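For reference, the chains in residue letters:
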Amino acid sequence: MTTRVWAATIAALLPAVTAGGLAWAASAGTDPLPSYVTSIGAQLDPRVGETLAQLDGTGRQLLALRSYLRSASHLAERWSWTQEQIEAFEGSAEQRELQQQIDRVRAAFVAANPGFELYVNSQVRSLEVQIAHWNSNDSVKAAAEEILAAAQALMASPGVPADRPEQAREALEAFLSGHRPVPAPTIAAPGLSLHGQMRAIDFQVHQAGRVVAGPSSATIATDWTAAGWAAKLDAAVRAASDRFVGPQASPPAPWHYTYLPEAADRD
């Protein structure tokens, strides 16, 4: 049996298996959250379930599933490129135009700040890399612990009877859709990062090969705000190109700009 046939067979069986798993978890008194995560994910884009299975721990899975639910209406158009799509982008007219826009910003920045330069990683951030970041990022870890505790409290509440798994799953789905994580993760859930379609650019300020201001939340106050690099970068971006929107405001990331292939009114 081919891989594609196997995948189709598993996809067809998944709803029944998941339903059985929910009933078994409820009756056996085991932790039902993993089964609920699988069940809710199965209702979305098939790539969601494949990605959730690669995330470490129920907390990180819940946190990512929250983003997938909130982005359900445009998951397909936003999902990160496949390897084939990444290879098609490399050397394309679109990539050349992006590089020209980056070079304009670099030139404007260097002209205004002699002795300093801008570094940009212009490689598409693959889904595999996004998953690795999600599994190791400190802000994700903290937010995952918080959402896991809240979800466990929900499952233990009187309003979510253990003997009615479908009702419990619906309650969990509603909770995830409305939940605001604390702290807010500094990266997007795997598959949803704008870096996955080269629609986001992270700038770094370098001097003589040394990072002066890099993409770290811990150094925003000192390196970006107090030292003035956030304002200097923004001035260079606005002076040189009408293709970048930003910087990202929530969570704050003064190095992160959204790239638009067409000119936009950034105000």
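The structure reproduced in this document is the subject of the present report. On a predicted model such as this, the values are computed, not experimentally measured, just so you know. (Residues numbered from 1 in each chain as written. Predicted model: local features only at pLDDT ≥ 70, side-chain atom pairs only at ≥ 80, totals over all residues. Heavy atoms only, no water.)

Now for unusual backbone geometry. Of the consecutive residues Val182 and Pro183, the connecting peptide bond is found in the cis state with omega at -5°. If you trace the backbone, Pro183 turns up in the loop between α10 (165–178) and β2 (200–207). The peptide bond linking Gly246 to Pro247 adopts the cis configuration, its omega dihedral lying at 0°. With respect to the helices and strands, the residue Pro247 is situated in the loop between β4 (244–245) and β5 (256–259). Of note in this structure, Met198 is not a glycine but carries a positive phi near 55°. Positionally, Met198 belongs in the loop between α10 and β2. For Met198, a relative accessible area of 1% puts it in the buried group. Positive phi values are uncommon outside glycine, yet Ala208 reaches one of about 50°. As for its position among the elements, Ala208 is in the loop between β2 and β3 (210–213). (Helix = DSSP H or I, 4+ residues; strand = E, 2+ residues; numbered from the N terminus. Buried < 20%, exposed > 50% of the residue type's maximum accessible area, 1.4 Å probe, protein only.)

Before going further, it helps to spend a moment on the side chain of Arg199. Among the structural elements, Arg199 can be located in the loop between α10 and β2. Only 3.1 Å separates the side chain of Arg199 from the backbone oxygen of Gln197, close enough to count as a polar contact. (Polar contact = N/O pair within 3.5 Å; in protein donor to acceptor, adjacent residues only side chain to side chain.)

Within the secondary structure layout, Arg210 lies in strand β3. Accessibility expressed as a relative area gives 49% for Arg210, which makes it partly exposed. The sequence separation of Arg210 and Phe116 amounts to 94 residues, and the corresponding C-alpha distance is 9.7 Å.

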